[in-house]
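Fold and contact review
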Amino acid sequence: MNTDFHLLPSDAAASAARLDSLALCLLLLTGAVALVLLALMIGFSIRYRAGSKADRTHVPKKGLPVEIAWTVIPLLLFLGIYAWGAVDYIKLYQAPANAMPVFVVAKQWMWEAEHKNGRREIGQLHVPLGRPVRLTMTSQDVIHSFFVPDFRVKQDVVPGRYTSIVFTPSRTGEYRLYCAEYCGTEHAMMLGRVVVMQPAAFAQWLEAGPRQPGMAARGHELYRRYGCSGCHDPGSSVHAPDLTGLLGRRVHLADGRELTADEPYVRDSILVPGKDVVAGYAPIMPSFAGQVGEEDILAIIEYIRESAHDQRTERR
């Protein structure tokens, strides 16, 4: 006899318990409503069947209190479920300040992850226990989907844009990583694992990797190699937007729109510079499409983020 059967996968992340509770509550609520309706149908079918002696006189023609009750009560219940689900949904995408960033590139048929210090992984992802992790993900070819059943997280990874997901591991161990979107002939083989480690062991593992520049350092080198510093550095003679503290800043565009500068905005500015032209600047930046890979764009973004942090530290 198999004694290892479980109705649900293990709950190895904080999001798992929340989402399981929500799903169970929704199942019980809808199941209770279905059972009540079924019982009423059966009861009325028996009581008022053809030839029964049920009293059919004085049939009520109005039932306003009943109509209000069966409309308002389910409405309030399902609005409560909606609010509960909305709160949990937001937690999957709003990263706390102490979240550890990891950058993931999906391609046929593997997962590539890179940590801030430059350590890279293929087909696996190491994370510390109890610390929120924010994945910033993109695809190099077709649509993939990052799915870890034990964490109850699933996020599509789309070419040409960035998506993200946040989770907090709650149990050490190894957990299967799947691609949940058909992505080609070897889709079923696009497997990986997420390894949750104690914080001290994770820190040791992170520093024990091959010595190479961190993402920000590599991004700085790319920033200069591609000539970004020639236009965007504060001392440049070219009239171009200053990138200091760009991420998270409100940006006014030439067409009157406003947006918040995030990773997709920086990516679009590199590959499709004419899409969101900053107000007060001429659209003279060339496109780097086909010249800069996704890993390099992520490194440049991390350099822009870290340079702003370094300047704030110097002011203190």
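Below, the structure is looked at part by part. What you see as residue numbers is a count from 1 along each chain, following the sequence as written. Where local features are concerned, this predicted model is filtered to residues with pLDDT of at least 70; where side-chain atom pairs are given and counted, the filter is 80 or more; whole-chain, interface and lining totals use all residues. Only heavy atoms go into the side-chain values, all of them from the structure, while hydrogens and water stay out.

1. Points about unusual backbone geometry
This is how it is decided: Starting at the N terminus, helices and strands are each numbered in turn, a helix being any DSSP run of H or I of at least four residues and a strand any DSSP run of E of at least two. Each residue gets one of three labels from its accessible area relative to the maximum for its type: buried under 20%, exposed over 50%, partly exposed in between, using a 1.4 Å probe on protein chains only.
Residue Gln 108 is joined to Trp 109 through a cis peptide bond whose omega torsion reads -5°. Residue placement: Trp 109 occurs in the loop between strand E1 (100–107) and strand E2 (110–115). Here Arg 152, not a glycine, exhibits a phi torsion of approximately 60°, which is positive. Topologically, Arg 152 is positioned in the loop between strand E6 (144–148) and strand E7 (153–157). Given the relative accessible area of 16%, Arg 152 is considered buried.

2. Thoughts on the sheet that holds E6
To keep it simple, the criterion reads: Paired strands, in this sense, are two strands between which DSSP finds at least two bridges. Lines fitted to C-alpha atoms define the axes here, with helix axes fitted over just the stretch in contact, and angles between the N-to-C directions of these axes take values from 0 to 180 degrees.
As summarised here, the arrangement of the five strands in space is E4-E10-E9-E6-E7, forming an open sheet in which the pairing is mixed. The sheet is open, and its two borders are formed by strand E4 (124–128) and E7, each paired with just one other strand. Averaged over all pairs of adjacent strands, the angle between their axes in this sheet comes to 20°, without regard to strand direction. As defined by bridge partners, E6 adjoins strand E9 (residues 173–179) across two bridges and the pair is classed as antiparallel.

3. Let's talk about the pattern of salt bridges
How we decide: For this document, the term salt bridge refers to a Lys or Arg side-chain nitrogen within 4 Å of an Asp or Glu carboxyl oxygen.
In total, this model carries 20 salt bridges according to the counting rule given. Here Asp 276 ties to Arg 257 by a salt bridge, and the two come within 2.7 Å at their closest N and O atoms. In this pair, Asp 276 sits in the loop between helix H6 (263–271) and helix H7 (294–315) while Arg 257 sits in the loop between strand E11 (250–252) and strand E12 (258–260), placing the two residues 19 residues apart along the sequence. Ionic pairing is found between Glu 294 and Arg 267, a salt bridge with its closest N-O pair at 2.5 Å. Separated by 27 residues along the polypeptide, Glu 294 in helix H7 and Arg 267 in helix H6 bring together distant segments of the chain. Of the two residues, Glu 294 and Arg 267, both sit in the buried class. Three or more residues are tied together by salt bridges with common partners; here these are Lys 116, Arg 134, Glu 263, Glu 302 and Arg 305.

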